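Survey of secondary and tertiary structure
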Amino acid sequence: MKKIGLIGYGELGRQFEHLISGLSDNISFVYFDDQAKKNEAKNSHPFNNFLNDEFKDFEFLIGLGYKHLKKKKEIIDILIEKKRKLFTFIHPTAIIDNTAKIEEGTFIYPNVTVDKNVRIGKGCLLNLSVTISHDSVIEECCYLSPSVTLSGFVVIGGMVFLGTGVNVANNIKINSSAIVGIGSVITKNIEPNQIVIGNPQRIIKKIRLV
């Protein structure tokens, strides 16, 4: 029996549970979310209890949404420091080239395609029908919404959010903590912390970090 500690049990966490449970009966879940009982989750614990010794043999999956990518990275760093295992999920309908490298804690939804020589960092989420073309790099804790397409040699920095249907041209770099709005076509590099949308792309604003 594989034991998974699901950190965060909102809408995304429940999606994770649904996809995993649909493929195996040999999995048990424990939930770490202060609101989990309201979402009818049995075996729930306060959010910050995931480091308790009683859970040291669990594999951990972080069900925090795109608005909490910085927090997600912080939790992953803590888990790695404490030598806890991260759970990686790749749906069987995904097509993953055998030269691609996918790091731990990443969650890959149905019908995703990952081409040759792609590298995907820790704790990423690739939603339905995402396509990652050859020789692209996605750094840790990125969130790619349904039907995002990256052309070849694209580099995505850490904690980037790409909205549904975003298309990124060849040889583009999207720097860390950028946000790209739904349906955008990206043909120029994006600086760190910028919010970009449209076709042609335009800068909405730059996020102020506190």
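Further up the page is the structure itself.
Okay, so let's go over this structure. (Residues numbered from 1 in each chain as written. Predicted model: local features only at pLDDT ≥ 70, side-chain atom pairs only at ≥ 80, totals over all residues. Heavy atoms only, no water.)

**Description of the sheet that holds strand 22 (residues 185–186)**
The strand order 7-10-13-16-19-22 describes an open sheet built from 6 strands, whose pairing is parallel. Bordering the open sheet on either side are strand 7 (95–96) and strand 22, each of which pairs with just one other strand. Sheet analysis places strand 10 (residues 113–114) next to strand 13 (residues 131–132), joined by 2 bridges and oriented parallel. Across the sheet, residue T113 finds its bridge partner in strand 13, namely T131. (Pairing = 2+ DSSP bridges. Helix = DSSP H or I, 4+ residues; strand = E, 2+ residues; numbered from the N terminus.)

**Quick notes on helix 2 (residues 69–81)**
Compared with the 18 Å implied by 1.5 Å per residue over 13 residues, the 18 Å span of helix 2 between its first and last C-alpha is a close match. All buried positions along helix 2 are accounted for by L69, K72, I75, I76 and L79. Viewed end-on, helix 2 has its buried residues packed into an arc of 115°, placing them on one side of the element. For helix 2, exposure combined with an orientation more than 90 degrees from the buried face picks out K70 and E81. Next to the buried residues of helix 2 lie strand 1 (2–7), strand 4 (59–62), strand 5 (85–86), strand 15 (143–144) and strand 18 (161–162). (Expected span 1.5 Å × (residues − 1). Buried < 20%, exposed > 50% of the residue type's maximum accessible area, 1.4 Å probe, protein only. Arc of directions from axis to C-beta. Contact = heavy atoms within 4.5 Å.)

**Quick look at empty space enclosed by the protein**
Counted according to the given criterion, the structure contains 1 cavity of 30 Å³ or more. By volume, the largest cavity amounts to about 50 Å³. What lines the largest cavity is simply F16, F60, L61, I62, K72, I76, L86, F87, G105, F107, G123 and C124. When contributions to the lining of the largest cavity are tallied by element, the ones reaching two or more residues are strand 4 and helix 2. Examining the composition of the lining of the largest cavity, we find that 3 residues originate from one element, strand 4, more than from any other. Taken together, the residues of the lining of the largest cavity break down into 9 nonpolar, 2 polar and 1 charged. (1 Å grid on protein atoms, 1.4 Å probe; cavity = no way out; pocket = protein on both sides within 12 Å on 5 of 7 lines; lining within 4 Å. Points joined across faces, edges and corners; volume = space filled by probe spheres on them. Nonpolar A, V, L, I, M, F, W, Y, C, P; charged D, E, K, R; others polar.)

**Some remarks on the packing of aromatic side chains**
On inspection of all chains with the given rule, the structure shows 15 aromatic pairs. Considering the side-chain rings of Y66 and Y143, the 5.8 Å spacing of their centres and the 65° angle between planes classify their relative orientation as edge-to-face. Taken together, the positions of Y66 in the loop between strand 4 and helix 2 and Y143 in strand 15 put the pair 77 residues apart, joining distant regions of the chain. In this structure Y143 comes out as buried when scored by relative accessible area, which is 11%. With centroids separated by 5.3 Å and ring planes inclined at 65°, the aromatic side chains of F107 and Y109 adopt a geometry described as edge-to-face. Owing to a relative accessible area of 1%, F107 belongs among the buried residues under this scheme. (Phe/Tyr/Trp six-rings, centres within 6.5 Å; stacked < 30°, edge-to-face > 60°.)

Purely geometric numbers; function is a separate question.
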